[in-house]
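Breakdown of the fold
What follows is each chain in one-letter form.
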Amino acid sequence: MRLVLWDIDGTLVRIGDLGRDPFESAIAAVLARDLDSGFHERVQMSGKTDPQIARELLLAAEVAEGEVDRHLPEVLRGVEAGLLALEHRMQGEGRAMPGAAAVLERLAGSDSVLQSVLTGNLAANALVKLRAFGLDRFVDLDVGAYGSDHHDRDELVPIALAKASGSRPDETFGADDTWIVGDTPRDLACARAGGARCALVATGRFSVDDLRALGADAVLSDLSDTDGVVALLTG
């Protein structure tokens, strides 16, 4: 059976700076101090897991390395609460990527495909972002792999495969029959680490030319060619 695992930010949806704000607010609250101006520019978030982002931001806020792990759980709880509070704003200020809903809906109707997410988001944050645009109903979030499963994105493919096998014991799921769909080099690295195939979509920070140079199995400008994308992922 085919397993299709979607990245979220930049691949299925875009919420802009709304994704960064909860991290900054949570860290400021946990440290009980204002953050320096320009703090948000010190860490590039694209392709990273939420725990990795939080850790790097704490270090950027000059928290000692030995103190980061002590603060991390509280920061991540604050990020979850802050993002949930922004869900209504996502609907107005963010958007689903072109073609995302149509492709997800088509694959959801296939008996030979199980689709979920492989994302750096914590599981709670993934649900909020997808639900804001009505995309959550097309994916089986119980078999997804998240930043809350492991801080290292490269460890997430085996986690998703184990969850898929556990949820469908009569089906066989293998890495070589799994597609990772994302928009960054980190998505490709994750796929390669787990032995999966990878399609990259140029709807994030990287252009088609940038992504083609990486050697992914497929590179798409966006997801608007529903028939073509479905054929790729199911063929």
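Up top you'll find the structure we're talking about.
So, here's what we can say about the structure. (Residues numbered from 1 in each chain as written. Predicted model: local features only at pLDDT ≥ 70, side-chain atom pairs only at ≥ 80, totals over all residues. Heavy atoms only, no water.)

This paragraph deals with the overall build of the protein chain. Counting its regular elements, the protein chain contains ten helices and seven strands. Relative to its length of 235 residues, the protein chain is compact, with a C-alpha radius of gyration of 17 Å against a globular reference of 18 Å. Seen through its principal axes, the protein chain has C-alpha atoms that stretch 55 × 35 × 35 Å. Among the 235 residues that make up the protein chain, the fraction classed as buried is 50%. Pairs at least 24 residues apart make up 65% of the contacts formed inside the protein chain by residues separated by at least 6 positions. A total accessible area of about 10,100 Å² is found for the protein chain, and carbon and sulfur atoms account for 46% of it. Taken together, the 23 basic and 39 acidic charged side chains of the protein chain have centroids lying 2 Å from each other. (Helix = DSSP H or I, 4+ residues; strand = E, 2+ residues; numbered from the N terminus. Rg over C-alpha atoms; globule rule 2.2 N^0.38 Å. Buried < 20%, exposed > 50% of the residue type's maximum accessible area, 1.4 Å probe, protein only. Contact = heavy atoms within 4.5 Å. Areas by Shrake-Rupley, 256 points an atom, 1.4 Å probe, with all protein chains shown as cover. Lys, Arg positive; Asp, Glu negative; His and termini not counted. Charge placed at Lys NZ, Arg CZ, Asp CG, Glu CD.)

Scanning the model with the defined rule gives zero disulfides in all. This cysteine, cysteine 190, is not joined by any disulfide, and cysteine 198 carries the nearest cysteine sulfur, 8.3 Å off. A relative accessible area of 0% places cysteine 190 in the buried class. According to the relative accessible area criterion, cysteine 198 is buried, its value standing at 0%. (Disulfide = S-S within 2.5 Å.)

With that out of the way, let us pick up unusual backbone geometry. If you check the backbone angles, alanine 32 has positive phi at about 55° while not being a glycine. Residue placement: alanine 32 occurs in the loop between helix H1 (21–31) and helix H2 (50–60). When its relative accessible area of 68% is taken as the criterion, alanine 32 is described as exposed. Its identity is not glycine, yet glutamate 62 carries a phi of approximately 65°, on the positive side. Tracing the backbone through its elements, the reader meets glutamate 62 in the loop between H2 and helix H3 (65–85).

So, about the pattern of salt bridges. Per the counting criterion, the structure on display carries 14 salt bridges. Ionic pairing is found between aspartate 9 and lysine 129, a salt bridge with its closest N-O pair at 3.0 Å. With aspartate 9 in the loop between strand S1 (2–6) and strand S2 (13–14) and lysine 129 in helix H6 (residues 123–131), this residue pair connects regions lying 120 residues apart in the sequence. The shortest N-O distance in the salt bridge between arginine 55 and aspartate 69 comes to 2.1 Å. Of this pair, arginine 55 sits in helix H2 while aspartate 69 sits in helix H3; the two residues are 14 residues apart in sequence, bridging distant segments of the chain. (Salt bridge = Lys/Arg side-chain N within 4 Å of Asp/Glu carboxyl O.)

This next bit is on the sheet that holds strand S6 (residues 197–201). What the five strands build is an open sheet, ordered S4-S1-S5-S6-S7; its pairing is parallel. Edge positions in the sheet fall to strand S4 (113–117) and strand S7 (218–220), since each has one partner strand and no second. Averaged over all neighbouring strand pairs, the angle between strand axes comes to 20°, with direction disregarded. Pairing geometry for strand S5 (residues 178–182) and S6, over four bridges, is parallel. For glycine 182, the partnering residue across the bridge sits in S6 and is leucine 200. (Pairing = 2+ DSSP bridges. Axes fitted to C-alpha atoms, helices over the stretch in contact; angles between N-to-C directions.)

Before going further, it helps to spend a moment on the environment of valine 43. Checked against the element boundaries, valine 43 lands in the loop between H1 and H2. As for valine 43 and leucine 57, which are separated by 14 residues in sequence, their C-alpha atoms are 6.5 Å apart. When near neighbours in sequence (up to four residues on either side) are disregarded, valine 43 contacts Arg20, Lys48, Glu56, Leu57 and Ala60.

Turning next to the environment of threonine 172. Relative to the helices and strands, threonine 172 is located in the loop between helix H7 (156–167) and S5. The class of threonine 172 is exposed, set by a relative accessible area of 62%. Along the primary structure threonine 172 and lysine 129 are separated by 43 residues, whereas in three dimensions their C-alpha atoms are 30 Å apart.

Attention shifts here to the nonpolar core. Membership of the largest hydrophobic core comes to 37 residues, with the highest contact counts inside it found for Trp6, Leu12 and Leu223. Every element with two or more residues in this core is listed here: S1, helix H5 (100–108), S4, H6, S5, S6, S7 and helix H10 (226–234). The biggest single contributor to this core is H5, with four residues. Those residues within four positions of leucine 12 in sequence are excluded, and the remaining contacts are Trp6, Asp7, Ala96, Met97, Ala100, Leu104, Leu130, Leu135 and Leu223. (Core = buried A, V, L, I, M, F, W, Y, C linked by side-chain atoms within 4.5 Å.)

Shape is all these values report; function is a separate question.
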